[in-house]
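Below, each chain spelled out in residue letters.
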Amino acid sequence: MTVYFLCAVLLMMGLYCLVAKKNIVKKVIGIVIMDYAVNLYLIIIGYKHGGLAPIVEPGMNAQTLGRFVDPLPQALVLTSIVIGLGVLSLMVAMCIRMYEKHGTFDMSQISKLRG
Amino acid sequence: MENITPQLYTLLVFMVVGSIVAIETRNLLSAVISVSAVGFALSIAFLFLGAPDIAITQLVVEVLVLIILIRGTILIDNTAIETHRDTLAVVTSLILFGLLLGFGAMIFGSSGFPEFGEPLMRVSRVYVQTGMPSTYAANLVTAIILDFRAYDTLGEVAVLFTSILGALALLRKDGKVAREEVVSA
């Protein structure tokens, strides 16, 4: 259970960085940390004690197949990691445009934001 | 395979400490390098947890994250923001997130959540047993993302394409200039 708790601590730290920091790059870093925490959490849910990587080799019987870790979260996290990279590039592009328009990364200086 | 819990705890504590450094340091370059160290530790943790495909992908993505963050933001402006901190916001968010963490621990600790090392595997039992005979893929993760759940991969490609398209549309220079010329003419 402590492993899940440490993952949740990592998630909360990313959320704190996203909410309380003023620099936009720091906010992006907070989102990246939250991304890591969620991916690690999903992989840890699928771990089995003494588990093997889910790759079938010649000569494996049903009992060896039963020792595999859960392959389903791994497949979904593989998708999630790549999507995280795409979202990060979009966020960095937004940061660059904001810097070109306002000349600073400081959120408290950018006062011309209109919803 | 032996018990991996000590290695996992070591890596998790390293990740938490690296995140604290990344959040609290003033220099943006140090913050980016710290978050990258956290990502590489995450890759090693994936290797210990029996997920070599995820570890390789995380390694490649981590290098790209480092390049994008340094090239896209740090090279433009690396000045630390020296304004005074909003103490009320910091204290309030810390208290609120601490409460969220506590309530989450209470809820997850009391319900029938699976313990570490004993996954449910209701769906993936079928994948593990029928993956090799039905898809002829030795790697079951590949069998799932390209065969059992190929629509998920199609959605992933759509999301990735849209985000890259958005980044390109935000960063282009030509369209804006041409529009202004049309307006002035």
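Each value, and the rule that gives it
Residues numbered from 1 in each chain as written. Chains lettered and ligands numbered in written order. Predicted model: local features only at pLDDT ≥ 70, side-chain atom pairs only at ≥ 80, totals over all residues. Heavy atoms only, no water. Helix = DSSP H or I, 4+ residues; strand = E, 2+ residues; numbered from the N terminus. Contact = heavy atoms within 4.5 Å. Buried area = accessible area lost by both parts, 1.4 Å probe. Salt bridge = Lys/Arg side-chain N within 4 Å of Asp/Glu carboxyl O. Nonpolar A, V, L, I, M, F, W, Y, C, P; charged D, E, K, R; others polar. Axes fitted to C-alpha atoms, helices over the stretch in contact; angles between N-to-C directions. Parallel < 35°, antiparallel > 145°, perpendicular 65-115°, else oblique. Left-handed = near helix turned anticlockwise from the far one by under 90°. pLDDT = per-residue confidence, 0-100. Phe/Tyr/Trp six-rings, centres within 6.5 Å; stacked < 30°, edge-to-face > 60°. Buried < 20%, exposed > 50% of the residue type's maximum accessible area, 1.4 Å probe, protein only. Core = buried A, V, L, I, M, F, W, Y, C linked by side-chain atoms within 4.5 Å. Domains from an automatic or database assignment.

1. Observations regarding unusual backbone geometry
Residues and elements named next belong to chain B.
Here is step 1: Even without glycine at this site, Met 121 takes up a positive phi of about 60°.
Here is step 2: Mapping Met 121 onto the fold places it in the loop between helix 4 (87-110) and helix 5 (124-135).
Here is step 3: Unlike most non-glycine residues, Tyr 136 shows phi in positive territory, near 60°.
Here is step 4: As for its position among the elements, Tyr 136 is in the loop between helix 5 and helix 6 (140-148).

2. Focus on the interface of chain B and chain A
Many authors give the size of an interface as the accessible area that is lost as the parts come together.
Here is step 1: Facing 88 residues of chain B, the contacting portion of chain A comprises 75 residues.
Here is step 2: For the pair chain B and chain A, the summed buried area comes to about 7700 Å², and 77% of that belongs to carbon and sulfur atoms.
Here is step 3: For chain B, the biggest contributors to the area lost against chain A are Ile23(B), Phe97(B) and Phe116(B); these three give 9% of the whole.
Here is step 4: The tally of links from chain B across to chain A stands at one salt bridge.
Here is step 5: Between Lys21(A) and Glu24(B) there is a salt bridge, with its nearest N and O atoms 3.5 Å apart.
Here is step 6: Among the elements of the structure, helix 1 (5-24), helix 2 (28-48), helix 3 (52-74), helix 4, helix 5, helix 6 and helix 7 (150-171) of chain B are those that each provide at least two residues to the side of chain B that touches chain A.
Here is step 7: Sorting elements by how many residues they give to the side of chain B that touches chain A places helix 3 of chain B first, with 14 residues.
Here is step 8: The class makeup of the residues in the side of chain B that touches chain A is 58 nonpolar, 16 polar and 14 charged.

3. Examining the packing of helix 4 (residues 71-102) of chain A against helix 7 of chain B
Here is step 1: Running from N to C, helix 4 of chain A and helix 7 of chain B cross one another at 10°; their axes reach a closest spacing of 8 Å. Compared by their axis directions, helix 4 of chain A and helix 7 of chain B come out roughly parallel. Residues Leu76(A), Thr79(A), Val82(A), Ile83(A), Gly86(A), Val87(A), Ser89(A), Leu90(A), Ala93(A), Met94(A), Ile96(A) and Arg97(A) of helix 4 of chain A lie in contact with helix 7 of chain B, whose contacting residues are Asp152(B), Glu156(B), Val159(B), Leu160(B), Ser163(B), Ile164(B), Gly166(B), Ala167(B), Leu170(B) and Leu171(B).
Here is step 2: Partitioning the contact of helix 4 of chain A with helix 7 of chain B into residue classes produces 14 nonpolar, five polar and three charged.

4. With respect to the packing of helix 2 (residues 24-45) of chain A against helix 1 of chain B
Here is step 1: Taken N-terminus to C-terminus, the directions of helix 2 of chain A and helix 1 of chain B make an angle of 165°; their axes are 11 Å apart at the nearest point. With respect to each other, helix 2 of chain A and helix 1 of chain B are oriented roughly antiparallel. As for how helix 2 of chain A packs across helix 1 of chain B, the hand of that crossing is left-handed. Note on element contacts: helix 1 of chain B touches helix 2 of chain A through Leu8(B), Leu12(B), Met15(B), Ser19(B), Ala22(B) and Ile23(B), opposite Lys26(A), Ile33(A), Leu40(A) and Ile44(A).
Here is step 2: Residues belonging to the contact of helix 2 of chain A with helix 1 of chain B are distributed by class as follows: eight nonpolar, one polar and one charged.

5. Examining the confidence of the model for chain A
Here is step 1: A residue-level look at chain A finds 96% of positions with pLDDT of 70 or above and a mean pLDDT of 87.
Here is step 2: Averaged pLDDT values for the elements of chain A fall to 81 in helix 3 (residues 62-65) of chain A and rise to 92 in helix 2 of chain A.

6. Digging into the packing of aromatic side chains
Here is step 1: The final tally for this structure, using the stated rule, is four aromatic pairs over all chains.
Here is step 2: Here the aromatic rings of Tyr47(A) and Phe116(B) are separated by 5.6 Å at their centres, their planes lie at 20°, and the arrangement is stacked. Within this pair, whereas Tyr47(A) is found in the loop between helix 2 and helix 3, its partner Phe116(B) is found in the loop between helix 4 and helix 5, the two belonging to separate chains. For the pair Tyr47(A) and Phe116(B), one class covers both residues: buried.
Here is step 3: Aromatic pair Tyr99(A) and Phe105(A): ring centres 4.9 Å apart, planes at 45°, arrangement tilted. There is no split in this pair, since Tyr99(A) and Phe105(A) are both buried.

7. Side note on the nonpolar core
Here is step 1: In this structure, Leu40(A), Ile44(A), Leu8(B), Phe46(B), Leu49(B) and Ile54(B) are the most contacted members of the largest nonpolar core, which totals 71 residues.
Here is step 2: Residue assignment for this core shows that the elements contributing at least two residues are helix 1 (2-20), helix 2 and helix 4 of chain A together with helix 1, helix 2, helix 3, helix 4 and helix 6 of chain B.
Here is step 3: A total of twelve residues in this core trace back to one element, the largest contributor, which is helix 4 of chain A.
Here is step 4: Taken domain by domain, the makeup of this core includes at least three residues from each of domain 1 (1-80) and domain 2 (123-185) of chain B.
Here is step 5: With near-sequence residues (within four places) excluded, Leu40(A) lies in contact with Cys7(A), Leu12(B), Met15(B), Leu42(B), Ala45(B), Phe46(B) and Leu49(B).
Here is step 6: By size, the runner-up hydrophobic cluster in this structure holds six residues, among which are Leu65(A), Met121(B), Val128(B) and Leu140(B).

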